Amino acid sequence: MTATAPHPPGLTKTPEEGHPAHGPRLPLRILPLTPAIVLLLLFLAGPIAYCVYIAFTDLQLTGQAEESFVGFDNFTRAFGDEAFLNAVWLTLVFTVLSSLIGQNTLGLALAALMQRASKPVRTLTGGIVVTAWVLPEVVAGFLLYAFFRREGTLNAILDWLHLPSQNWLFTLPILAVSFANVWRGTAFSMLVYSAALNEIPKEITEAAEVDGAGGRRRMWHITLPMIRRSIGTNLMLNTLQTLSVFGLIWVMTRGGPGGRSQTLPLFMYEQAFQNSLIGYGTAVALLLLLVGSLFSLIYLRLLRTEV
């Protein structure tokens, strides 16, 4: 009998690893995904690619026969434009105040308080907060405009309390729109944190109570570390949503007065559709997309860290 020489370990291939067995099946596996891929290319990748192209041109809505390629001129113009830099700063202020601090902190506080509240209180509080969230953005904007305007509800309350009143939409416009975004969007954070808090085993918190840990120590050393991933996810989603807020600010202040509440979405709209500078406005939109991508990368980096 002739002994068959064994294959070297490094050259041994299973049928699943070999190209003849795997190759013909690949098109069959991709075939069911073809309609979805085509739709994504047409309605997602296609418009994005066209917007990238427009950002490098001088396309205008009026007075132009055809656009021409201008390279990075639109981006250079943006970073030399004081109005753009002001919009960047106000966008960061609006995002930090209304999303990172306002919605996140208030949502966590409401979720923690509702854990200990009675069922009627939880139902009533949840209903009120969620109602503000499901309102259309334009409707919420009109409601908050009526609240903050010179003859609005807030000043009526201050006058009744014999406290000084003012035109909040003129003196503190960015704070007014930040409060409006907190009022409208806190429900999402509350729902996320309520679900996360319900997943914490009661045995852990009860053991901490037996050991004498107070409410603050339990929150800082037990609750927050155990819902860390939910906090990161909530911050990322809230930040991306806040960066794109347009209707709420437009209804309340239209970016004024004097551009003191003009965030990047409103600045982009003004340049593209009021000044008819489509190329410049699209370049600003890409820069806004870059800001959102940077925030996303930071949050995804944090989410990789295990508790």
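All figures in this text were calculated on a predicted structure; none of them were measured in a lab. (Residues numbered from 1 in each chain as written. Predicted model: local features only at pLDDT ≥ 70, side-chain atom pairs only at ≥ 80, totals over all residues. Heavy atoms only, no water.)

Draft legend 1. Here's a closer look at the nonpolar core. Of all hydrophobic cores here, the largest spans 28 residues; its most connected members are Phe75, Phe84, Ile227 and Tyr280. Those elements giving two or more residues to this core turn out to be α4 (73-79), α5 (82-116), α10 (173-198), α13 (228-243), α15 (264-274) and α16 (278-304). Membership of the second largest hydrophobic core comes to 19 residues, among which are Leu90, Phe94, Val177 and Met252. (Core = buried A, V, L, I, M, F, W, Y, C linked by side-chain atoms within 4.5 Å. Buried < 20%, exposed > 50% of the residue type's maximum accessible area, 1.4 Å probe, protein only. Helix = DSSP H or I, 4+ residues; strand = E, 2+ residues; numbered from the N terminus.)

Draft legend 2. Region of interest: the layout of surface pockets. There is about 710 Å³ of room inside the largest pocket. Ala112, Gln115, Arg116, Leu197 and Thr223 are, among the 22 residues lining the largest pocket, the residues nearest its centre. Looking at the lining of the largest pocket, the elements with two or more residues in it are α5, α10, α11 (202-210) and α12 (215-226). With eight residues, the single largest contributor to the lining of the largest pocket is α5. The residue inventory of the lining of the largest pocket, partitioned by class, reads ten nonpolar, seven polar and five charged. (1 Å grid on protein atoms, 1.4 Å probe; cavity = no way out; pocket = protein on both sides within 12 Å on 5 of 7 lines; lining within 4 Å. Points joined across faces, edges and corners; volume = space filled by probe spheres on them. Nonpolar A, V, L, I, M, F, W, Y, C, P; charged D, E, K, R; others polar.)

Draft legend 3. Spatial organisation of a nonpolar patch on the surface. Judged by side-chain polarity, Leu26, Ile30, Leu33, Ile37 and Leu41 come together as a nonpolar surface patch covering roughly 450 Å² of accessible area. Mapped by element, the contributors of at least two residues to the nonpolar patch are α2 (25-30) and α3 (34-55). Tracing the backbone shows isoleucine 30 in helix α2. (Patch = residues over 30% accessible without salt bridge, like charges linked within 9 Å, V, L, I, M, F, W, Y side chains within 5 Å. Areas by Shrake-Rupley, 256 points an atom, 1.4 Å probe, with all protein chains shown as cover. Salt bridge = Lys/Arg side-chain N within 4 Å of Asp/Glu carboxyl O.)

Draft legend 4. Broad picture of α15. Along α15, the residues that are buried comprise Leu264, Pro265, Leu266, Phe267, Gln271 and Ala272. Buried residues along α15 sit against α5, α13, α14 (247-252) and α16. Just downstream of α15, serine 276 is the residue with a positive phi angle, here 65 degrees. (Contact = heavy atoms within 4.5 Å.)

Draft legend 5. Highlighting the packing of aromatic side chains. Under the definition given, this model contains 17 aromatic pairs. Ring geometry for phenylalanine 56 and phenylalanine 72: centres 5.2 Å apart, planes at 85 degrees, overall edge-to-face. Residue phenylalanine 56 is found in the loop between α3 and α4, and its partner phenylalanine 72 is found in the loop between α3 and α4; the two are separated by 16 residues along the sequence. A residue is classified by how much of its surface remains accessible, and phenylalanine 56, at 17% relative accessible area, is buried. (Phe/Tyr/Trp six-rings, centres within 6.5 Å; stacked < 30°, edge-to-face > 60°.)

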